[in-house]
Amino acid sequence: AGLRPAAVGLERLARPGPLVLVSNHASYLDVVVLASVLSGAPRMVAKSDLLANPLLRLILEKGGGLFVRREDPRGSIEDAARIEARLAAGDVILYFPEGTFTPTTGVRPFKLGAFKAAAAAGAEVVPISLRGVRQVLRDGTWLPRPGRIEVKVGDPVRAEGGSLAEMVRLRDRCRSWIAGECGEPLLDLIRAGAPTFEV
């Protein structure tokens with residue numbers, strides 16, 4: 001697409017694992033953009049639904065992707081334990097804690113999985129902001145538009161213990177920082193209400 005993402009703060013990743021990287025999720029380009037600027041090929045956590053797409057499956061498996069079964073409670077517990085074991089082995093693991101993306105501008109609520117894994121492994125969490133990616137390739141479109149993409153790496157933070165309150169504090173701190181840097185508002189899906197459908 002001829003895009004040249006600008007990256008700031010990559011030196012914050014020049015440390016041995018384990019590390020948990022968390023980024024906002026705005027577009028299908030997110031993975032490509034991060035792969036182009038991050039060294040060390042972090043393992044990406046992806047929903048197992050993506051295994052149905054042969055091309056995505058190939059790319060993710062070749063990159064050491066870790067798949068989670070979101071609709072299977074027992075399976076998702078096993079998947080979380082496997083990810084925590086990879087962190088304990090010193091891996092760098094990338095999460096998109098929003099879980100999905102839509103055309104709507106804004107940072108969706110973050111799930112707790114990345115922060116639970118980091119707390120369990122004693123790993124630092126590094127927030128990463130993607131700015132401009134949604135405008136270049138918005139969900140529902142397939143042709144990238146010209147635009148400026150910026151990747152900014154924040155300061156590492158660590159959970160102070162493994163309590164739920166500490167995981168929530170870590171999640172909220174990372175989400176607020178990412179929203180501020182990517183230039184998109186925080187979306188409160190509960191306050192916005194559930195979508196309604198006409199029969």
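Residues numbered from 1 in each chain as written. Predicted model: local features only at pLDDT ≥ 70, side-chain atom pairs only at ≥ 80, totals over all residues. Heavy atoms only, no water.

A.B. asks: Explanation requested: the overall build of the chain in the structure shown.
C.D. replies: Helix and strand counts for the chain come out as seven helices and eight strands. In terms of overall size, the chain behaves like a compact globule, its C-alpha atoms giving a radius of gyration of 16 Å where 199 residues would be expected to give roughly 16 Å. Across its three principal directions, the C-alpha atoms of the chain cover 45 × 40 × 35 Å. Here the chain holds 199 residues, and 39% of them are scored as buried. In the chain, of all internal contacts separated by at least 6 residues, the share reaching a separation of at least 24 is 70%. Element-wise, carbon and sulfur atoms account for 57% of the exposed surface of the chain, whose accessible area totals about 11,000 Å². Between the centroid of the 27 positive side chains of the chain and the centroid of its 22 negative side chains there is a distance of 3 Å. (Helix = DSSP H or I, 4+ residues; strand = E, 2+ residues; numbered from the N terminus. Rg over C-alpha atoms; globule rule 2.2 N^0.38 Å. Buried < 20%, exposed > 50% of the residue type's maximum accessible area, 1.4 Å probe, protein only. Contact = heavy atoms within 4.5 Å. Areas by Shrake-Rupley, 256 points an atom, 1.4 Å probe, with all protein chains shown as cover. Lys, Arg positive; Asp, Glu negative; His and termini not counted. Charge placed at Lys NZ, Arg CZ, Asp CG, Glu CD.)

A.B. asks: Help me out: how do you make sense of helix H6 (residues 164-182) in this one?
C.D. replies: For the α-helix, the turn length of 3.6 residues means that residues three or four positions removed from each other point alike. Spanning 19 residues, H6 covers 27 Å between terminal C-alpha atoms, matching the ideal 27 Å at 1.5 Å per step. Residues of H6 that are buried: Glu166, Met167, Leu170, Arg171, Cys174, Arg175, Ile178, Ala179 and Cys182. Gly183 sits one or two positions beyond H6 and adopts a positive phi of about 80 degrees. (Expected span 1.5 Å × (residues − 1).)

A.B. asks: What is the right way to look at the pattern of salt bridges in this model?
C.D. replies: Two side chains carrying opposite charge are able to pair once their charged atoms lie near each other. One pass over the full model with this rule turns up twelve salt bridges. With its nearest N and O atoms 2.7 Å apart, the salt bridge here joins Asp91 to Arg43. Here Arg43 lies in strand E3 (residues 43-47) and Asp91 lies in the loop between helix H3 (73-88) and strand E5 (92-95), a separation of 48 residues in the sequence. A relative accessible area of 14% places Asp91 in the buried class. According to the relative accessible area criterion, Arg43 is partly exposed, its value standing at 24%. In this structure, Arg82 engages Asp79 in a salt bridge whose closest nitrogen and oxygen atoms are separated by 3.0 Å. Residue Arg82 and its partner Asp79 are both found in helix H3; the two are separated by three residues, about one turn of the helix. With a relative accessible area of 35%, Arg82 lands in the partly exposed category. Under the relative-accessibility criterion, Asp79 is labelled buried at 3%. Because the salt bridges share partners, they merge into one network encompassing Arg15, Glu124 and Arg158. (Salt bridge = Lys/Arg side-chain N within 4 Å of Asp/Glu carboxyl O.)

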